[in-house]
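Notes for the structure review
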Amino acid sequence: MSSREKGARCITRGVTITCDIQSGATSFTVQPTTYKAKAYSAASEESPLASTTIARRDPTERDVQIEILFCGICHSDLHSVRNEWSEFMATNYPIVPGHEIVGRVTTVGSAVTKYKAGDLVAVGCMVDSDRSCPNCKRDLEQFCPNMTLTFNSLDKHLGGVTYGGYSESIVVDEHFVLRLPSNLNIAGVAPLLCAGITTYSPMRHWGVGKGKKVGVVGLGGLGHMAVKFGRAFGAHVAVFTTSPNKKEDAFRLGADEVVVTRNSDEMKKHAGSFDFIIDTVSANHDINAYINLLGVDGNLTLVGAPAEPLDVPAFSLIMGRRRLAGSAIGGIAETQEMLDFCGKHNVTADVEVIPIQKVNEAYERLWKSDVKYRFSIDMASLKSE
Ligand code: NAP
Ligand code: ZN
């Protein structure tokens, strides 16, 4: 760049370089150029989601620009919009949620090697990490201390916070873009990007498979995927639900047994018998009821993230050398592995497709556990806003 005048600007390859002469020294700030995209956002924890316009960066060298076709609604979107995790992960407003994204590539940067315009792709809960820490080197980007979440994280390119998938498009570094199997219904693929990987990862990690007795607590978005994976991995699957009206569906989804949890006699029958239990419940509940169902060396993994702490008496764990664990989504390589597995075994989420205009109604139903079993937003509906 040749101009040396104060404030001179030149736009090159999607970045604006501003040159200022300050106290005799020349400083350069690199600011990506942006374009406007339609989106839905919430302005505060009491506000409904409403139509808005956001800035997205123009794709730089390693970026993939994606037209979003479907975006799933995760309970984490609801926790975040209502700032229910204020102690751990306070919400920055306005918030554009959405991290179960499926779309079509519209543009790629000059250094992108994996994707081209027209490809069907997906984006999950992360859009960046430092790629140099020990966790990134082990393909565990979800535990990188400098990981960038798809929404409500510091946006390293534009400043402010990242905006998620309730939008017509998104721009993401190719490392965080996933390839879709070609044989699956894409509305039902979107939820795999969070509900899918969040259940697949710990079930694989803790060796769920043939000969194992597996429990799934809560039959919602995550829970119904855990049932499908448990079945696909060859385990014996029992569902624990507070909703008697989900019993038939649980069997249809692949459960071998269904326990309505208010029936304490049925709960007692399973005492000390499980190898692995995955707890997907979004609200405060008594986890001891489930720890007591574990056999010796059994494992209860929490993926559900209620805002309040859970009470665990030491004796529940001591007797039986039981393990209480947690798990967060999965790394990029494992997410691709999960998508490929779903392609091979024909696994998708059961979705209710809605237009974006019904998103607030969908949140109310999600809060009441009234969804079978994931809402998937048809983003074409955003065009009419
Ligand atoms: P969801 O679709 O709302 O499902 C949660 C299920 O929990 C409900 O369908 C219900 O199942 C049960 N439940 C709800 N309230 C309950 C209560 N008071 N007592 C007992 N059971 C109750 O939510 P989701 O999208 O699957 O997400 C579940 C949780 O996982 C959320 O907290 C979410 O933030 C978290 N999450 C964590 C990760 C991670 O990486 N660890 C990733 C995604 C989501 P029944 O009707 O069958 O009882
Ligand atoms: Zn999620």
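Refer to the structure presented above.
Residues numbered from 1 in each chain as written. Chains lettered and ligands numbered in written order. Predicted model: local features only at pLDDT ≥ 70, side-chain atom pairs only at ≥ 80, totals over all residues. Heavy atoms only, no water.

This structure, assessed with the given rule, holds two cavities of 30 Å³ or more. Roughly 210 Å³ of internal volume is contained in the largest cavity. Arg57, Val127, Asp155, Thr162 and Val171 are, among the 17 residues lining the largest cavity, the residues nearest its centre. At the level of elements, β5 (50–57), β9 (126–128) and β11 (169–173) are the ones that each hand at least two residues to the lining of the largest cavity. Across the lining of the largest cavity, the residue classes break down as eight nonpolar, four polar and five charged. In this model, the second largest cavity occupies a volume close to 70 Å³. Lining the second largest cavity are Gly124, Cys125, Met126, Phe176, Leu178, Leu193, Ile197, Ile329, Gly330, Ile332 and Thr335. Among the residues making up the lining of the second largest cavity, the classes are represented as eight nonpolar, three polar and no charged. (1 Å grid on protein atoms, 1.4 Å probe; cavity = no way out; pocket = protein on both sides within 12 Å on 5 of 7 lines; lining within 4 Å. Points joined across faces, edges and corners; volume = space filled by probe spheres on them. Helix = DSSP H or I, 4+ residues; strand = E, 2+ residues; numbered from the N terminus. Nonpolar A, V, L, I, M, F, W, Y, C, P; charged D, E, K, R; others polar.)

A separate point is the environment of phenylalanine 176. Within the secondary structure, phenylalanine 176 sits in the loop between β11 and β12 (178–179). When residues no more than four places from it in sequence are discounted, the contact partners of phenylalanine 176 are Ala122, Val123, Met126, Val127, Asp128, Ser129, Arg131, Glu141 and Ile332. (Contact = heavy atoms within 4.5 Å.)

On to the site of ligand 1, then. If you check the shell around ligand 1, you find 29 residues, and the closest are His75, Thr241, Thr242, Ser243 and Arg374. Serine 76 is positioned such that a nitrogen or oxygen atom in its side chain is 2.8 Å from an oxygen atom of ligand 1. Here valine 303 contributes a backbone N or O atom positioned 2.9 Å from a nitrogen atom of ligand 1. Bound to the protein, ligand 1 loses 89% of the 920 Å² it would expose on its own. No other element matches the three residues that helix α1 (residues 75–81) contributes to the shell around ligand 1. Grouping the constituent residues of the shell around ligand 1 by class yields 12 nonpolar, 15 polar and two charged. (Near = heavy atom within 4 Å. Polar contact = N/O pair within 3.5 Å; in protein donor to acceptor, adjacent residues only side chain to side chain. Areas by Shrake-Rupley, 256 points an atom, 1.4 Å probe, with all protein chains shown as cover.)

A word on the coordination of the zinc ion (ligand 2). Taken together, the protein donors to the zinc ion (ligand 2) comprise Cys74 (SG), His99 (NE2) and Cys194 (SG), at separations of 2.0 to 2.2 Å. Sequence spacing of the donor residues for the zinc ion (ligand 2), all on one chain, is C-x24-H-x94-C. Taken together, the residues span a long stretch of sequence, with cysteine 74 in the loop between β6 (63–73) and α1 and histidine 99 in the loop between α1 and β7 (101–108) at a distance of 25 residues. Exposure class is identical for cysteine 74 and histidine 99. Each is buried. (Donors = N, O, S within 2.8 Å, 3.2 Å for Na, K, Ca; no water. Buried < 20%, exposed > 50% of the residue type's maximum accessible area, 1.4 Å probe, protein only.)

This paragraph deals with the packing of aromatic side chains. According to the stated counting rule, one finds eight aromatic pairs in the structure shown. Residues tyrosine 200 and phenylalanine 229 carry aromatic rings whose centres are separated by 5.3 Å and whose planes lie at 75 degrees to one another, so their mutual orientation is edge-to-face. Of the two residues, tyrosine 200 is situated in helix α4 (residues 195–205) and phenylalanine 229 in helix α5 (residues 221–232); the sequence distance between them amounts to 29 residues. Here the two residues tyrosine 200 and phenylalanine 229 agree in accessibility, since each one is buried. Ring pairs connect the aromatic residues Tyr200, Phe229, Phe233 and Phe341, which therefore count as one cluster. If you follow arginine 204 out to its NZ or CZ, it ends over the ring of phenylalanine 233, 4.0 Å from the centre. Above the ring of phenylalanine 274, the side-chain terminus of lysine 213 is found at 4.5 Å from the ring centroid. (Phe/Tyr/Trp six-rings, centres within 6.5 Å; stacked < 30°, edge-to-face > 60°. Lys NZ or Arg CZ within 6 Å of the ring centre and 35° of its normal.)

Let's shift gears to the environment of glycine 295. Counting through the fold element by element, glycine 295 comes out in strand β17 (residues 294–302). Residues glycine 295 and phenylalanine 276, spaced 19 residues apart in sequence, show a C-alpha to C-alpha distance of 8.7 Å. Aside from chain neighbours lying at most four places away, what touches glycine 295 is Gly272, Ser273, Phe274, Gly320 and Arg322.

With parallel pairing, the six strands of this open sheet are ordered in space as β15-β14-β13-β16-β17-β18. Two strands lie at the open edges of the sheet, namely β15 (257–260) and β18 (323–326), each paired on one side alone. Strand-to-strand twist in this sheet, taken as the mean axis angle between neighbours without regard to direction, amounts to 20 degrees. In this structure, strand β13 (residues 213–217) lies alongside strand β16 (residues 274–279), joined through four bridges in parallel fashion. Residue pairing across strands places valine 214 opposite phenylalanine 276, the latter belonging to β16. The strands touched by α4 are β13, β16 and β17; relative to β16, the strand with the most contacts, the crossing angle is about 155 degrees. Its contacts with the sheet place α5 against β13, β14 (236–241) and β16, and it is angled at close to 165 degrees to β14. (Pairing = 2+ DSSP bridges. Axes fitted to C-alpha atoms, helices over the stretch in contact; angles between N-to-C directions.)

Our focus in this paragraph is a nonpolar patch on the surface. A surface patch of nonpolar side chains, amounting to about 370 Å² of accessible area, comprises Phe315, Ile318 and Met319. With respect to the helices, strands and loops of the structure, methionine 319 is situated in the loop between α9 (314–318) and β18. Accessibility expressed as a relative area gives 54% for methionine 319, which makes it exposed. (Patch = residues over 30% accessible without salt bridge, like charges linked within 9 Å, V, L, I, M, F, W, Y side chains within 5 Å. Salt bridge = Lys/Arg side-chain N within 4 Å of Asp/Glu carboxyl O.)

Before going further, it helps to examine helix α11 (residues 359–367). Because each turn of an α-helix spans 3.6 residues, side chains separated by three or four positions in sequence point in the same direction. Taken together, the buried positions of α11 are Val359, Ala362, Tyr363 and Leu366. Projection of α11 onto a plane perpendicular to its axis shows the buried side chains occupying an angular sector of 105 degrees, all on one side. Against the buried residues of α11 lie β4 (34–41), β6, α1, β19 (351–355) and β20 (374–378). Phi turns positive one or two residues past the end of α11, at serine 369, with a value near 60 degrees. (Arc of directions from axis to C-beta.)

A few words on unusual backbone geometry. A cis geometry characterises the amide bond from tyrosine 93 onward to proline 94, with omega recorded as -5 degrees. Tracing the sequence through the fold places proline 94 in the loop between α1 and β7. A positive phi angle, near 60 degrees, is found at serine 369, a position not held by glycine. Mapped onto the fold, serine 369 is located in the loop between α11 and β20. Given a relative accessible area of 39%, serine 369 falls into the partly exposed group.

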